[in-house]
Structures are given as structure tokens and as C-alpha cells.
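Notes for the structure review
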Amino acid sequence: MNSPVRKDLWLFGYPIAHSASPAFHNTVFTELNLPHRYKLHDTPSVDSPTSNFLSLIRSPTFAGAAITMPLKVTAMSVVDELETEAKEIGSINTIIVRNGKDGKPILVGQNYDWEGVRESIRGSLKPSQRKLEEPFGKGKCGFIIGGGGTTRAAVYALSRMGLSPIFLINRDPSETKEVVEHFPQYDVRTLDRVEDWTPECEATVAAGVGAIPSFKPVTPGEKNVYALATKIFGGAVKDGRTRTFLEMCYKPRVTILFKMAEAQGWSVVPGVEAMCEQALAQDRAWLLNSIASPYALIPADLDPRAIDKARTLVRQMGDIKAIPAARL
């Protein structure tokens, strides 16, 4: 390992004080004896005069960033290159800094949310299923509750796992329409009415993803989302298989959707598992293939002891409260 120079990595978004990602990334850095630090920067915009976003990502000490809501789409415009997955998903959750052909740093946008979805779902399955490209087999469908950037990553992940069609449940029809139109290569459909969830859907649904905040529904659109969720979770299973629901929201750790799915016998994957998987993908990108890498000879993977310690820490954390700015 080279003698590493400290680099700054950031989480950009708003609000982010509840994020568990600093605990994961900084544990990995500490366990690998790296001086790098991962910090929070609350901002709802990439280009407002007060955000400092653009100056931070062009700073000499900047070595990468995680991007969360509401910046996953707008941040695509400020990087120099986009990886294939980010282009297809239509949003980014990671910035990687690499050396360009002229030796100058270039900012590369990538989306690892989809890996977080895929790997956390796979990790909940039987060992015989985990390594299969299509772990649920043929003829199975999936659903996603939400309509934002995380939903797009989930569409990509579930489709890559062989689920088709993918049903979208959301309070905002125009937002859902945009997601459907973004993925003409996949069979993505809106689900607006309880009666449209047919016996065939009930018999073939294998997995779903929750991608909305956990708030008590108030508006008609929100109430309809939960009515549809109730219908899906309550469907009977006639072949004895276990259905999987990944709840991406982890504040609180046990959400409304989490409780609903668990009560109906679904195998519920907590959102922190997806966070750990996408955070691990980010650390691999930053530390094995970017200017933040401390290695003269790149290893096959990061030290598993560092990864295990970070996972364990995040899994044991309770609901995260807002952190005073002076402590960031």
C-alpha cells in the first residue's frame, strides 16, 4: 500500500442528517488504516449560490461522493462522464474521480443503487438461488412502490433479475408515467386500481421494493398507494414459496410498509441491507479504481474484515437522529 494522502468524500442531498452511510464508509476507511473521511453536506441543489456543491466536487482534496435525493437526476449534468448503468437508469448516486488521458481528474457518474437492491434481495434468498441470474425463475413479476430516482434503480435491478412485468404504485401519475416511458426496453406498467391486481398477478408476484418515506397517508393518492399495498401483501401463496419485500426506507427502521408485509408472511429485507450493499460498491469503486486508491498493486477486493465490521456497526444502529452541524 502506498502512503495515502487524506482525501475528502461527501454525501450530498437533503435532508441527510439521518444517513447511516458515514458510519459504514468511515469504518471501512479506519479499518483499512486510511486517512480519508466521508462527510455530510446538506444541500437541495447542485447549482444554487449557497450550496457549495460545484466548488466542493472540484476541490483538490475531493475524491468522490455519494448522491441522494433530491439530486440524483440533476447531478448527472455536472459530471464529465456517465457509466452505462447510470445512463440507462437515468440517475446517479455516486461520483468517482479518475485520472483522464491528459492526467487531469475527471468526474464519473455511476449508479450503485441498483446493486444495493439486487444484492440485498439475493442475500435474503436460499443459497441455491443467490448466484442465479434469474433467482426467482421464469414467469414471475415484481412491483415497486414509489416514483423517484430509487424507483428507477429498482426497475433496472428487478428487470435484470428476470422479473417481468414490473408494476409501479405511486401517488403521482405523471411521475409514474415518466418512469414507464424511460424504460421502453422493459415491461413496466402502472398499477392505479386495486381491481387491476388480478389473480394472475397474485399468483406470480415474487418480489417488491418500497421506495417512499414512511408517513401516515393523508391525500387520496397516498391512501390509494397503501390500499394497493394491502391488496398485494394480502394475496395468498398456493405453491409454498416465500415472497420478498425490500423496504428501502430505513427511517424508522421498521416502517409502515415493513409492518404490513411482515404481518402477511413476506420475507422483509430492511433498507440498511441495501444501503450496505450499495455503500460497499461505492467503496470498491473509490478505493480500487479511482484517485482515492491507496494501493500500488490493486487487490481483488477490500479486506473482508473491514467490510464485516462496517456491516455489523450499521445493522446494530438504531434510528438516527439529526446530528448538530458542529459535529459534522
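What this report covers is the structure whose coordinates are included nearby. Being a predicted model, the structure only gives us computed values, none of them experimental.

**Things to note about the pattern of salt bridges**
On inspection of all chains with the given rule, the structure shows 18 salt bridges. Of the charged contacts in the structure, one is a salt bridge between K72 and D113, with a shortest N-O distance of 2.5 Å. Here D113 lies in helix 4 (residues 113–123) and K72 lies in the loop between strand 3 (62–67) and strand 4 (81–82), a separation of 41 residues in the sequence. Residues participating in the shared-partner salt-bridge network are R6, D8 and K39.

**Focus: helix 1 (residues 21–31)**
Of all eleven residues in helix 1, nine are buried, a share of seventy percent or more. Inspection of helix 1 places S21, P22, A23, F24, H25, N26, T27, V28 and F29 among the buried residues, and these make up the whole buried set. Contacts from the buried residues of helix 1 go to strand 1 (8–13), strand 2 (37–42), helix 11 (271–288) and helix 12 (304–316). Trailing helix 1 by a residue or two, N33 shows a phi angle of about 60°, which is positive.

**Let's talk about the sheet that holds strand 9 (residues 188–190)**
Where strands meet in a sheet, backbone hydrogen bonds hold them as pairs that are either parallel or antiparallel. Strand order in the open sheet formed by six strands is 9-8-7-10-11-12, and the pairing between neighbours is parallel. The open sheet terminates on both sides in strands that have one partner only, identified here as strand 9 and strand 12 (267–269). Across the sheet, the mean angle from the axis of one strand to that of its neighbour is 20°, orientation sign disregarded. Across three bridges, strand 11 (residues 244–247) lies against strand 12 in parallel orientation. Paired with L246 across the two strands is V269, which belongs to strand 12.

**Re the sheet that holds strand 4**
Pairing is mixed in the open sheet, where six strands are placed in the order 2-1-3-5-6-4. Of all strands in the sheet, those with a lone pairing partner are strand 2 and strand 4, marking the two edges. In terms of strand pairing, strand 3 meets strand 5 (residues 94–99) through three bridges, oriented antiparallel. Pairing of A66 across the sheet is with T94, part of strand 5. Sitting on the sheet, helix 1 is in contact with strand 1 and strand 2, with an inclination near 160° to strand 2.

**Digging into the packing of aromatic side chains**
This model, assessed by the stated rule, comprises eleven aromatic pairs. Considering the side-chain rings of W114 and Y156, the 5.0 Å spacing of their centres and the 90° angle between planes classify their relative orientation as edge-to-face. One end of the pair, W114, is in helix 4; the other, Y156, is in helix 6 (residues 149–160), with 42 residues separating them in the sequence. The pair W114 / Y156 is uniform in exposure class, with both members buried. One aromatic cluster is present, formed by F143, F233, F245 and W266 through successive ring pairs.

Parameters and conventions
Residues numbered from 1 in each chain as written. Predicted model: local features only at pLDDT ≥ 70, side-chain atom pairs only at ≥ 80, totals over all residues. Heavy atoms only, no water. Salt bridge = Lys/Arg side-chain N within 4 Å of Asp/Glu carboxyl O. Helix = DSSP H or I, 4+ residues; strand = E, 2+ residues; numbered from the N terminus. Buried < 20%, exposed > 50% of the residue type's maximum accessible area, 1.4 Å probe, protein only. Contact = heavy atoms within 4.5 Å. Pairing = 2+ DSSP bridges. Axes fitted to C-alpha atoms, helices over the stretch in contact; angles between N-to-C directions. Phe/Tyr/Trp six-rings, centres within 6.5 Å; stacked < 30°, edge-to-face > 60°.

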